[in-house]
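Each chain, written out:
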Amino acid sequence: ANTYCVLLVEKFAPQKLNIAHHLHLSIQLKRAVKDGVPSVLLIREPMAAIASLLLREQRVTTWSAFYWYNSFHEDLRPFKDKLIIWPFEKDIETPLECIRDLHQKTGLVAFDENDTLDNEEIFKQIDQLDKDVKSGGNLANVNSRPNLTKSSAKKEILAEIQSDPKWAKMRQRALDHYQFFTS
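Residues numbered from 1 in each chain as written. Predicted model: local features only at pLDDT ≥ 70, side-chain atom pairs only at ≥ 80, totals over all residues. Heavy atoms only, no water.

Chemist: Looking at this structure, I do not really get the nonpolar core. What am I missing?
Modeler: Across soluble globular proteins, you tend to see nonpolar side chains buried next to one another. Counting 26 residues, the largest nonpolar core has L41 and I50 as its most contacted members. Put simply, the parts of the chain that give this core at least two residues each are α2 (26–34), β1 (40–43), α3 (46–56), α4 (62–76), α8 (148–163) and α9 (168–182). Leave out the neighbours within four places in its chain, and L41 touches L29, F72, L76, L83, I84, I85, W86 and F181. If you look at the next biggest cluster of nonpolar residues, it comprises 19 residues, including L8, L17, C98 and F111. (Core = buried A, V, L, I, M, F, W, Y, C linked by side-chain atoms within 4.5 Å. Buried < 20%, exposed > 50% of the residue type's maximum accessible area, 1.4 Å probe, protein only. Helix = DSSP H or I, 4+ residues; strand = E, 2+ residues; numbered from the N terminus. Contact = heavy atoms within 4.5 Å.)

Chemist: Whenever I open this one, the packing of aromatic side chains confuses me. Can you help?
Modeler: In total, this model carries four aromatic pairs according to the counting rule given. Taking the centre distance of 5.6 Å and the plane angle of 40° together, the rings of Y4 and F123 count as tilted. Of the two residues, Y4 is situated in helix α1 (residues 2–12) and F123 in helix α7 (residues 119–133); the sequence distance between them amounts to 119 residues. Taken individually, Y4 and F123 each receive the classification buried, so the pair is uniform in this respect. Ring centres of F66 and W167 lie 5.7 Å apart, and the angle between their planes is 25°; on these two criteria the pair is classed as stacked. Placement of F66 in helix α4 and of W167 in the loop between α8 and α9 is noted, with a sequence separation of 101 residues between them. W167 matches F66 in its accessibility class, with the two residues each being buried. Lying over the aromatic face of F88, R44 brings its terminal NZ or CZ to 4.0 Å of the ring centre. Above the face of the F180 ring, K80 is positioned so that its terminal group lies 4.7 Å from the ring centre. (Phe/Tyr/Trp six-rings, centres within 6.5 Å; stacked < 30°, edge-to-face > 60°. Lys NZ or Arg CZ within 6 Å of the ring centre and 35° of its normal.)

Chemist: Would you explain the side chain of K154 in this entry?
Modeler: Within the secondary structure layout, K154 lies in helix α8. Although buried, K154 forms no salt bridge, and the nearest oppositely charged side chain, E45, lies 10 Å from it. Once residues within four sequence positions are removed from consideration, K154 is found in contact with R44, A51, S52 and L55. (Lys, Arg positive; Asp, Glu negative; His and termini not counted. Salt bridge = Lys/Arg side-chain N within 4 Å of Asp/Glu carboxyl O.)

Chemist: Even after reading the chapter, I still don't get the side chain of S39, so can you show me in this structure?
Modeler: Relative to the helices and strands, S39 is located in the loop between α2 and β1. Assessed through its relative accessible area of 6%, S39 is described here as buried. Only 3.0 Å separates the side chain of S39 from the backbone oxygen of V37, close enough to count as a polar contact. Those residues in contact with S39, other than ones at most four positions away along the chain, are L29, A32, V33, L83 and I84. (Polar contact = N/O pair within 3.5 Å; in protein donor to acceptor, adjacent residues only side chain to side chain.)

Geometric descriptors of this kind do not, in isolation, establish any biological role.
So, in structure tokens, the structure goes:
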């Protein structure tokens, strides 16, 4: 969704924006807030985010995925009121609402109530970026676009991390962060 979000914002920006993304470092957002730079926190339901990370980056352990999710969001709690918060689902399902929100709060993007969006155009850009980054090999699990291969693999990962009691505390902590930012 990060790639989608960036391409969405760039599509509606009247000029080139300097967008920091994909590193998932809370310091980027904290620094932006300190410097008065409008910043979007794209937040995803934790189990889906962790399953996606584990699928995409197979060298990452489950413990590391939970740790990163929790640390990232813990660091940003004091900045909640200074961030523009977009739930992942809203970014994907109602992207024009996100653009309207960004326009109203920052003026960095152009928005008109008559604007339309061709999601397929953005997904084609994502496909090309994925091919450029992961040249060669099977893209099914690393492609940023939803697909059946990923969906099936994610279900298996989710079943494992949701049923294993050793992840219960980390799961609850992640859910607490998600609820904090989305309520």
